[in-house]
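# Chains, contacts and geometry: an overview
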Amino acid sequence: MKSDNKIEELMEGLFNKDKRALSRIITMVESDKPEYYSILKEIYGHTGKAYRIGITGPPGAGKSTLVNILAKQIKDRGNEVGIVAVDPTSPFTGGALLGDRIRMTGLLKDPHIFMRSMASRGSTGGIARTTTHVADVMDAYGFDVIIIETVGVGQLELDVAGAVDTTVVVLVPEAGSSIQAMKAGLIEIADIFAINKADREGAETLKFELQDALSLMPAIKNKGWDLPVKLTVALDGTGIKELVDTIYTHKTHLEDTDHLNTSRMNQKKVNIIEIMKHRIENQLWLNPELEPTLKRLSNLSMEGKIDPFTAANTFLKSAKVLNVNIDASFLHK
Amino acid sequence: MEKIKVLVAKPGLDGHDRGAKVVARALRDAGIEVIYTGLHQTPEMIAEAALQEDVNFVALSILSGAHMTIFPRVLDKLREKGIDDIVLTGGGIIPADDMKTLHEMGVGKLFGPGTSLEEIVNYFQETSKKKEVVVS
Ligand SMILES: Nc1nc2c(ncn2[C@@H]2O[C@H](COP(=O)(O)OP(=O)(O)O)[C@@H](O)[C@H]2O)c(=O)[nH]1
Ligand SMILES: [Mg+2]
């Protein structure tokens, strides 16, 4: 931001559906600008209206291609759609090559769809630390539906489930794909399975395998919701209408069973914990002022003079942390 | 922390994006966040993507010889959208005279064939240091 008095202008822009203001605010969120906290305070009352869908799965499964066509169809049902697509930050250079947009260039012509690429910036759970906040900003802007595409590098990417209402896990018909899904904990986070690239051999087999595996599993969560397995071809649109229908059915299911409230409450909890984690980290082991203390304690520990527990306790004591200053009287109202 | 963000786009009809990809990777390796949009982008699409991504730079790779039409059009589209603080730059086979003309129109530095990646990366880093207020 060029100057502070621009913030009010930006927020006004956001509520007037100015995309440039939206885009600017997202950058502030992403870069942890302190101004964002005041913005969040103001806009937070306007969030909670958008329905959030997460798209996760292994690299190359066709997530971006799927998001592209999902966004179009969801828009055609009368919605404004915001997309956040996360790609990995290089841990060595801090740079990132964000390529999800390649599959979504057609959306650029649609004024009712907005797409933003995001680098993971050090987070390993499949979304960036600030992805939820970016979704909040999009929510306040007025998108009816927000789609979040996870990094998709093949490691455990389960965080998205704590950030959205419906999680779609995308798989492809390759040998062992269903076993992999189980190992990776994807069954636990999935609300819907989409077997994409169903134009390829093995899609039906995988579907049966998966359904078989699911039938043997105890209902883990979302009682009353049988995990659907859908076949899609994101490239030509086959099965996409059915997938969108299934997402809507899941939404209705959540609303009818009050699971939506439970899920959103959990999203808030995750959100608060993530913020605290980040703060604590920055005040403790990432705090440059405490770097010498940490170094000394590590040294002492290496020399065998103190054990790691004593070191940690000593560090916490000397850190005198968490001197948070806030009026919390609202808690007792 | 603020990152330098660059949109790398390949306008027009020619289908060679190897150069664009090499530059995109070099920028990433220099700690920059690069959004790559792929082939066949129209000026309108490029400007809209730049707006949605809130980038500091738009870098175009033009090998078709259409630089004298494409650069000004992208510049126009950006200005139409109220964007005047994004640096438009790029590379291709561009004669020095054309570079000069484009520069006078408001286009940033342009890179000819054979420019080292180091020189290109330096340009992005130095320019964003100078325009610190813009990088936001
Ligand atoms: N055969 C086939 N290829 C697809 C399908 N969906 C996507 N692809 C291709 O799979 C590749 C990876 O797609 P992308 O959407 O980038 O995957 P992501 O990494 O999961 O986001 C691209 O070359 C797509 O064209 C599909 O349904 N069938
Ligand atoms: Mg992708």
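That block above? That's the structure.
Residues numbered from 1 in each chain as written. Chains lettered and ligands numbered in written order. Predicted model: local features only at pLDDT ≥ 70, side-chain atom pairs only at ≥ 80, totals over all residues. Heavy atoms only, no water.

## Points about the site of ligand 1
All names here are of chain A. Near ligand 1 you find 15 residues, and of these Lys-63, Thr-65, Arg-103, Asp-199 and Ala-234 are the closest. In the environment of ligand 1, an oxygen atom lies 3.2 Å from a nitrogen or oxygen atom belonging to the backbone of Ala-61. Separating an oxygen atom of ligand 1 from a side-chain N or O atom of Lys-197 is a distance of 3.0 Å. If ligand 1 stood free it would expose 580 Å²; the protein chains cover 79% of that surface. Counting residues per element, the shell around ligand 1 draws most heavily on helix H4 (residues 63-76), which supplies 3 residues. (Near = heavy atom within 4 Å. Polar contact = N/O pair within 3.5 Å; in protein donor to acceptor, adjacent residues only side chain to side chain. Areas by Shrake-Rupley, 256 points an atom, 1.4 Å probe, with all protein chains shown as cover. Helix = DSSP H or I, 4+ residues; strand = E, 2+ residues; numbered from the N terminus.)

## A closer look at the sheet that holds strand E8 (residues 229-231) of chain A
Residue and element names in this part refer to chain A. Judged by pairing direction, the sheet is parallel, and its 7 strands sit side by side in the order E4-E2-E5-E1-E6-E7-E8 without closing on themselves. The open sheet has two edge strands with one neighbour each: strand E4 (113-119) and E8. The mean inter-strand angle of the sheet, taken between neighbouring strand axes irrespective of direction, is 20 degrees. Where strand E6 (residues 166-171) meets strand E7 (residues 192-195), 4 bridges bridge the pair, whose relative direction is parallel. Bridging across to E7, Leu-171 finds its partner in Ile-195. Strand contacts of H4: strand E1 (51-56), strand E2 (81-87), E4, strand E5 (145-149), E6 and E7, with the helix running at about 175 degrees to E5, the strand carrying the most contacts. Against the sheet, helix H9 (residues 240-257) contacts E1, E6, E7 and E8, and its axis sits at roughly 175 degrees relative to E7. (Pairing = 2+ DSSP bridges. Axes fitted to C-alpha atoms, helices over the stretch in contact; angles between N-to-C directions. Contact = heavy atoms within 4.5 Å.)

## Comments concerning helix H2 (residues 43-53) of chain B
H2(B) sits mainly inside the fold: 10 of its 11 residues count as buried. Residues of H2(B) that are buried include every one of B:Pro43, B:Met45, B:Ile46, B:Ala47, B:Glu48, B:Ala49, B:Ala50, B:Leu51, B:Gln52 and B:Glu53, and no others. Of the surrounding elements, those touching the buried residues of H2(B) are helix H2 (19-30) and E4 of chain A together with strand E1 (5-9), strand E2 (33-36), strand E3 (57-62) and helix H3 (67-80) of chain B. Within two residues after H2(B), B:Asp54 carries a phi angle of roughly 50 degrees, on the positive side. (Buried < 20%, exposed > 50% of the residue type's maximum accessible area, 1.4 Å probe, protein only.)

## Here we look at the packing of H4(A) against H9(A)
Residue and element names in this part refer to chain A. Between H4 and H9, the least distance of the axes is 10 Å, while the angle of their chain directions is 70 degrees. In terms of their interaxial angle, H4 and H9 are classed as roughly perpendicular. Crossing of H4 over H9 shows right-handed handedness. Here Leu-66, Ile-69, Leu-70, Gln-73 and Ile-74 of H4 lie close against H9, whose contacting residues are Ile-240, Lys-241, Leu-243, Val-244, Ile-247 and Tyr-248. Counted by class, the contact of H4 with H9 contains 9 nonpolar, 1 polar and 1 charged residues. (Parallel < 35°, antiparallel > 145°, perpendicular 65-115°, else oblique. Left-handed = near helix turned anticlockwise from the far one by under 90°. Nonpolar A, V, L, I, M, F, W, Y, C, P; charged D, E, K, R; others polar.)

## As for the pattern of salt bridges
Counted by the stated rule, this structure contains 29 salt bridges over all chains. Where salt bridges share partners, they join A:Lys19, B:Glu44, B:Glu48, B:Lys77, B:Glu80 and B:Lys81 into one cluster. (Salt bridge = Lys/Arg side-chain N within 4 Å of Asp/Glu carboxyl O.)

## Overview of the packing of aromatic side chains
Under the defined criterion, the tally for this structure stands at 6 aromatic pairs over all chains. Measuring from centroid to centroid gives 5.7 Å for B:Tyr123 and B:Phe124, while their planes differ by 75 degrees, and the two rings are edge-to-face. Three or more aromatic residues joined by ring pairs form one cluster here, namely B:Phe57, B:Phe111, B:Tyr123 and B:Phe124. For A:Arg77, the ring lying beneath its charged end belongs to A:Tyr248, and the centroid distance is 5.2 Å. (Phe/Tyr/Trp six-rings, centres within 6.5 Å; stacked < 30°, edge-to-face > 60°. Lys NZ or Arg CZ within 6 Å of the ring centre and 35° of its normal.)

## What to know about the side chain of B:Thr89
Mapped onto the elements of the fold, B:Thr89 is located in strand E4 (residues 87-92). The contacts of B:Thr89, once residues within four sequence positions are left out, are B:Phe57, B:Val58, B:Ala59, B:Leu60, B:Phe71, B:Lys109, B:Leu110, B:Phe111, B:Tyr123 and B:Phe124.

## Let's talk about the coordination of the magnesium ion (ligand 2)
Residue and element names in this part refer to chain A. Taken together, Ser-64 (OG), Asp-100 (OD) and Glu-149 (OE) make up the protein donors of the magnesium ion (ligand 2), found 2.2 Å from the metal. Along the chain, the residues donating to the magnesium ion (ligand 2) fall in the pattern S-x35-D-x48-E. Of this pair, Ser-64 sits in helix H4 while Asp-100 is found in the loop between strand E3 (96-98) and E4, placing the two residues 36 residues apart along the sequence. Each member of the pair Ser-64 and Asp-100 is classed as buried. (Donors = N, O, S within 2.8 Å, 3.2 Å for Na, K, Ca; no water.)

## Some thoughts on the environment of A:His259
Residues and elements named next belong to chain A. Inspection of the secondary structure puts His-259 in helix H10 (residues 259-283). Relative accessible area serves as the criterion here: at 22%, His-259 is assigned to the partly exposed category. Separated by 94 residues in sequence, His-259 and Asp-165 place their C-alpha atoms 9.5 Å apart.

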